[in-house]
Every structure is written in structure tokens, then in C-alpha cells.
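Now for the letters of each chain:
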Amino acid sequence: MACMKLGSKTDAFQRKGQAWFCTTGLPSDIVVEVEEMTFHLHKFPLLSRSGVMEKLIAEASEGEDGCVIKLTDIPGGAKTFELVAKFCYGVKLELTAANVVYLRCAGEHLEMTEDYGEGNLISQTEVFLNQVVLRSWKDSLKALQTCDDVLSYAEELKITKRCIDSLAVKACTDPNLFGWPVVEHVGPLQSPGGSILWNGISTGARPKHSSSDWWYDDASSLSLPLYKRLISAMESQGVKQEIIAGSLTYYAKKYLPGLNRRQSSTESSNRLAPVGLGSSLSEEDQKLLLEEIDHLLPMQKGLVPTKFLFGLLKTALILRASPSCISDLEKRIGMQLDQATLEDLLMPNFSYSMETLYNVDCVQRILEYFLAMDQGTGGESPCSIDDEQLMGSPSLTPITMVAKLIDGYLAEVAPDVNLKLPKFQALAAAVPEYARPLDDGLYRAIDIYLKSHPWLGESDREQLCRLMDCQKLSLEACTHAAQNERLPLRIIVQVLFFEQLQLRTSIAGCFLVSDNLDGGSRQLRSGMVGTNEGGGWATAVRENQVLKVGMDSMRVRVSELEKECSNMRQEIEKLGRSKGSSTWGNVSKKFGFKLKSQMCSAQEGSVSNQNKINGKALKDDKAKENHGKHKKNLSIDE
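Residues numbered from 1 in each chain as written. Predicted model: local features only at pLDDT ≥ 70, side-chain atom pairs only at ≥ 80, totals over all residues. Heavy atoms only, no water.

1. With respect to the overall build of the chain
Looking only at helices and strands, the chain has 31 helices and 9 strands in total. Relative to its full complement of 638 residues, the chain shows a buried share of 47%. For the chain, the proportion of contacts with a sequence separation of at least 24, taken over those separated by at least 6, is 70%. When the accessible surface of the chain is summed, it comes to about 32400 Å², and 53% of that surface belongs to carbon and sulfur atoms. (Helix = DSSP H or I, 4+ residues; strand = E, 2+ residues; numbered from the N terminus. Buried < 20%, exposed > 50% of the residue type's maximum accessible area, 1.4 Å probe, protein only. Contact = heavy atoms within 4.5 Å. Areas by Shrake-Rupley, 256 points an atom, 1.4 Å probe, with all protein chains shown as cover.)

2. Regarding the nonpolar core
Ranked by size, the top nonpolar core spans 151 residues in total, and within it Val32, Leu41, Trp215, Leu312 and Leu337 carry the most contacts. In terms of residue count, helix H20 (residues 397-413) provides more of this core than any other element does, 9 residues in total. Not counting residues up to four positions away in its chain, the partners in contact with Trp215 are Trp137, Ala171, Ile231, Met234, Ile243 and Ser247. (Core = buried A, V, L, I, M, F, W, Y, C linked by side-chain atoms within 4.5 Å.)

3. Describing the pattern of salt bridges
By the definition in use, this model includes 20 salt bridges. Two residues, Arg104 and Glu108, come together in a salt bridge whose shortest N-O distance is 2.8 Å. Residue Arg104 and its partner Glu108 are both found in helix H4 (residues 100-109); the two are separated by 4 residues, about one turn of the helix. As a salt-bridge pair, Asp338 and Lys301 come within 3.8 Å of each other at their nearest N and O atoms. (Salt bridge = Lys/Arg side-chain N within 4 Å of Asp/Glu carboxyl O.)

4. Re the packing of helix H3 (residues 77-88) against H4
Closest axis-to-axis distance for the H3/H4 pair is 10 Å, and the angle between their directions is 70°. It follows from the interaxial angle that H3 and H4 lie roughly perpendicular. Residues Thr80, Leu83 and Val84 of H3 pack against Tyr102, Leu103 and Ala106 of H4. Classifying every residue of the contact of H3 with H4 by side-chain character gives 5 nonpolar, 1 polar and no charged. (Axes fitted to C-alpha atoms, helices over the stretch in contact; angles between N-to-C directions. Parallel < 35°, antiparallel > 145°, perpendicular 65-115°, else oblique. Nonpolar A, V, L, I, M, F, W, Y, C, P; charged D, E, K, R; others polar.)

5. What about the confidence of the model for the chain?
For the chain, the average pLDDT comes to 76, and 65% of its residues sit at 70 or higher. Mean pLDDT across the elements of the chain bottoms out in helix H28 (residues 595-602) (36) and peaks in H4 (96). Counting interchain partners and residues more than four positions distant, the pLDDT-below-50 stretch residues 264-278 has 20 contacts. (pLDDT = per-residue confidence, 0-100.)

6. Considering the sheet that holds strand E4 (residues 30-34)
Pairing is mixed across the open sheet formed by 5 strands, whose spatial order is E2-E3-E5-E4-E6. Here the strands that pair on one side only, and so sit at the sheet edges, are strand E2 (13-16) and strand E6 (67-71). On average, adjacent strands in this sheet sit at an angle of 20° to one another, irrespective of strand direction. Relative to E6, E4 runs parallel, the two sharing 5 bridges. Among the inter-strand pairings, Val31 is bridged to a residue of E6, identified as Val68. Across the sheet, H3 touches E2, strand E3 (19-22), E4, strand E5 (37-41) and E6, and the angle it forms with E5 is around 10°. (Pairing = 2+ DSSP bridges.)

Encoded structure:
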């Protein structure tokens with residue numbers, strides 16, 4: 001830290017308890033009281049340097065204890081007046097960045113101008129501020145920190161603004177150009193001028209600082225009001241928004257303990273993560289700090305990590321921050337929800353009611369903000385786009401990721417017995433249909449919810465299952481759903497129907513590929529064997545064998561399904577004979593299928609009409625037992 005010495009005499013001051021004495025050989029003729037300290041001094045050195053002391057001495061009356069003057073509002077208190085008194089006596093005084101602001105303000109308060117002696121305290125401190133302190137990053141920062149104690153004086157003298165402007169200019173300047181703050185941290189491999197040494201010889205090269213966050217830790221030592229002003233000054237100087245956001249993130253992590261509770265190992269090893277917390281703040285102060293951080297953060301996507309925003313939101317909910325602050329944080333997260341993880345969404349419910357274990361309402365609002373932003377940026381429902389184009393469209397990737405994330409979240413919150421059906425349905429239905437290429441994740445969440453809420457009635461179960469599209473279930477999901485006793489019978493029949501259509505489509509595709517391979521093999525035999533030495537033909541043969549094995553397994557599966565569909569139809573017909581009506585016709589009407597026409601168009605002439613009506617059946621005898629549980633309901637519906 002730079003310093004400058006004033007005066008020439010040695011220190012002739014001695015302290016005894018709460019009193020200072022000047023040992024010049026002459027008895028003191030004035031006592032100055034500052035706070036709890038008393039200074040036994042002489043009138044002439046004081047009035048010859050200070051206009052205020054000259055007036056006070058003239059107005060003071062001689063008492064039994066001599067002339068006594070009380071200074072109650074001197075900037076910096078007794079410690080600063082001690083330095084002022086020594087300066088008046090010509091004692092050597094060391095100016096530093098830590099005391100120059102106090103002395104400058106005290107000199108102004110005591111009117112220590114050039115009218116009361118050349119080279120007085122005001123001019124000396126001004127020179128040191130402008131020529132030494134404001135040219136150094138560290139000294140400017142230290143001086144700015146001391147402004148907090150004498151803020152009114154520092155503001156009037158514009159010391160605070162000068163320090164902030166100095167720091168802002170240095171923060172937006174490449175530190176490699178001028179060597180700060182390198183010059184202030186001379187290491188064993190650096191010369192006093194800051195250049196790199198090689199075998200003790202200066203090379204003239206400067207250590208490189210490629211990172212633009214070198215000032216984060218220093219700035220975080222400022223109080224919140226001064227830090228806010230510094231950030232605003234940096235923005236006006238053209239510092240990039242991502243750098244500003246990084247500094248705000250660092251500052252928040254340093255003073256908000258809640259942000260560091262779930263810090264990962266990778267984050268804790270990052271040098272940008274604060275090593276230790278600053279002075280502990282009360283809950284009210286933490287809430288004010290969080291609201292200020294939210295106000296200062298740029299409203300731009302991707303500048304702040306999504307995990308950090310979720311940490312701010314959780315802390316805001318705990319601290320009962322203002323509704324506007326919470327809403328702003330939800331909007332920020334909604335802008336980049338596609339970058340979130342499932343762990344981020346699992347926010348506990350901190351409300352007093354504790355209606356649900358997780359804060360589902362908050363996630364619902366975040367999703368709505370994301371969808372509103374997606375629509376605002378041109379995201380439209382791709383009604384005329386097929387599945388392959390949907391999966392490959394880059395513009396739909398974020399919303400597809402969000403749909404997958406919400407389905408995973410629904411599966412996590414589904415076991416909560418306090419989660420009401422309307423709330424679960426509202427969150428699941430908020431995701432547009434086109435955002436889900438497959439409904440497997442949604443089916444898994446619905447299945448978990450049904451398992452955790454066994455008291456739901458048949459109508460509620462059907463209403464819940466209508467959220468998913470049976471045509472968008474994979475073969476594995478269809479197989480599971482066909483054997484799922486928790487699903488309503490109507491849904492099981494729909495699943496069976498669409499599963500059989502998928503199987504037949506797959507088999508038709510395999511036949512088509514097989515024909516193409518056969519044609520290709522003939523070409524290989526006639527023209528390519530000589531050129532490829534049999535390599536292409538061998539590959540085609542292996543692929544053909546793999547396809548045939550897959551076709552055989554699918555044929556077996558279709559055969560089993562048709563047998564079981566036939567058995568299921570016979571059971572339903574037996575159930576309806578007692579009433580002399582076609583129960584199967586009533587059931588098909590109830591399910592809303594035109595099964596005969598659909599199956600005839602799907603597979604004309606391949607199997608019997610009975611097997612065409614039933615698209616799919618259960619894999620084993622367990623499905624038959626489950627169907628028996630619904631016989632009573634079927635007879636009533638008739």
C-alpha cells in the first residue's frame with residue numbers, strides 16, 4: 001500500500017490511559033475532548049493550522065482546569081484527531097489509503113486550508129488522493145471502504161464518486177495492459193516493476209491474466225450501497241453484462257448462506273466460489289440483499305446459471321421476499337427452463353399450510369412463463385409436421401426438453417398423497433401435445449399417481465388417463481399398460497388396439513426392407529462381388545438374417561395377441577348372452593371405436609374378422625383375471 005510521510009519532527013506524544021500528552025517541555029494550556037479521549041495540547045499549534053480551532057479557542061473561557069474544548073462531530077473520531085494534532089505539531093505523519101479519507105474529511109471540518117499555513121492538511125491529502133490512491137486499484141478500493149464511516153463528508157467532497165469511477169475504469173480495462181493488480185502482488189518470479197524474471201534477469205514480459213473476473217472478490221468486500229453504485233458505474237463504462245452478472249453471483253454467494261448449502265463438489269472447487277462467508281447478516285438484511293441482487297441482475301437469458309437462479313428462488317421463499325421479487329425470479333428461470341435439471345425443480349413447499357410436499361404451484365408458474373416466451377419467439381404448434389420432422393427440428397428442441405423435464409417432475413411428485421388430482425392434471429396438461437414425441441414419461445407419472453392414490457374413482461381414473469395419447473406410447477409402454485390393472489378397461493382396450501397396429505406396421509416395414517435387401521443382394525451377386533471381394537455381400541447377408549429374426553419374433557407376438565384377443569371376445573360374448581343382446585357391440589360403442597372398419601382397412605384378408613376387432617390383448621392369463629374384475633361394471637353399463 002502506498003504511503004507518504006508528512007512533517008519532520010519525531011513523535012512527542014504519549015498516551016496515559018484515556019489521555020494524550022504532548023511532551024514539548026511546555027505545560028499544556030488547552031484540553032480538547034473527543035469522544036472518551038482527552039488531549040492536553042497547546043493553543044498556538046492548533047489555531048495556526050485550523051480556522052475552527054481558532055474560533056473555538058477565542059470563544060472558550062478560562063476555567064479552573066484551563067481552556068477546555070469539546071469536539072463532538074469530528075470525522076473519524078478520536079483516532080483521526082490524534083493524527084490531526086500530530087500534523088499541527090509537525091510530527092511525522094504517514095498518509096495511507098486507510099487514513100487519507102478520514103484526514104481529508106477532518107481537515108475540511110476543521111478548515112485546515114492554505115489560509116492557515118502553506119501545505120496544510122487539505123492540500124496534502126488531496127495530492128495524495130489524486131496522485132497515489134486513485135491510480136491504484138487496491139488503494140482506491142481501500143479508500144472507498146473507509147468512506148462508509150464518513151459517508152456524508154465523503155459524498156460532499158466527492159471522494160466516494162472519485163473512488164468508484166477509478167475502480168470502474170480499471171475493471172473494464174484489460175489488466176495486462178498496465179499491470180494492475182499484478183504490480184501490487186510482486187512474487188518471487190517477478191521484478192519490482194512487475195515483469196517476469198528469468199535467472200534473476202528481467203525479461204520485460206508481463207504475467208498474463210486472461211480472466212475478466214479478477215476483481216470479483218475485491219468488489220465483494222464493499223457494503224451493499226457502495227457495491228450497487230460500483231456496479232452501476234461499471235455498466236455505464238461498458239462492462240459486459242455477463243461480467244456484471246458474474247460479480248453479482250459471487251456477491252450473493254458470499255453473503256447468502258442458503259446458496260451454498262447444496263453446492264456441488266465441482267462448484268466448491270471453482271475459484272469463483274467464495275471460500276468463506278462474510279459477516280453474518282440477519283434474515284431481514286439477507287432478504288433486502290436478495291431483493292437488490294434480483295433488481296441488479298440483467299434480465300437476459302443465459303447470463304446467470306439456472307441452478308443459481310433456483311437457489312435464489314428457494315432462498316427468497318424461505319426469507320419471505322416480496323411477491324415481485326419471487327415473480328421476477330420465476331420469470332428468469334422460465335426464460336431458460338430448458339437448462340434446468342430435475343433436482344432444481346424439486347423445491348420444498350415452505351408455506352405454512354404445507355398442502356403438498358413440493359411447491360407444484362411455483363413450477364406451474366415457471367412453466368407458464370417458459371411457454372409464453374416460446375410462443376412469443378415464434379414457437380408454434382406443428383400440426384402439419386410428422387414425428388420424424390418433429391424430432392429433428394432444432395427450434396423444438398428446448399420445448400421437447402422441457403416436456404421431458406416436466407414428465408420427470410410429475411413422476412417425482414406423484415407419490416405425494418396430498419397432491420390433488422386437479423393440480424396434477426393442470427401441470428401435465430400445460431405441456432403442449434406436440435412437445436412430447438412419446439408419452440412414455442407421462443404414462444409413468446400417471447401410473448405412479450394411480451398407485452399412490454388407490455381411492456380414485458373410475459371416472460377420475462379415466463379423466464386422468466385421457467392426458468396421454470395411446471398412439472404415442474412405445475411398444476414397451478404398451479406392453480406394460482396392457483397388463484396394468486390400475487388402468488381403466490377403456491384405456492387398456494385402446495392400448496391393445498394401437499399396439500397391434502404398431503406391430504403390424506413394424507412387420508410391414510421389415511418386409512419392405514427385406515425386399516430391398518434381396519434386390520440389393522442380386523445386384524451384389526451380378527456386379528459387385530468382383531469389386532468388393534465379397535465384403536458388401538457378407539454385410540447384407542448378416543443384416544438380412546438379423547431382420548428375419550426380428551420378423552419371426554414379431555410374428556409370434558402377433559399370433560399370441562390374436563389368440564388372446566379371441567379369448568377375450570368370447571368371454572365378453574358369454575357375458576352378454578344372458579341378456580339376449582350383442583354385448584360386444586355395446587362395448588365397442590362404449591369405447592368409441594369403429595373397430596370393424598378400422599381393422600379391415602388395417603389388415604384386409606390376413607386374419608379372421610374376430611381377430612381384427614381386437615387390436616391387442618394381454619400377454620398372459622393375468623390379463624384375463626383382470627378383465628374378470630370388470631365384468632360387473634360392463635353388465636351395469638349395458
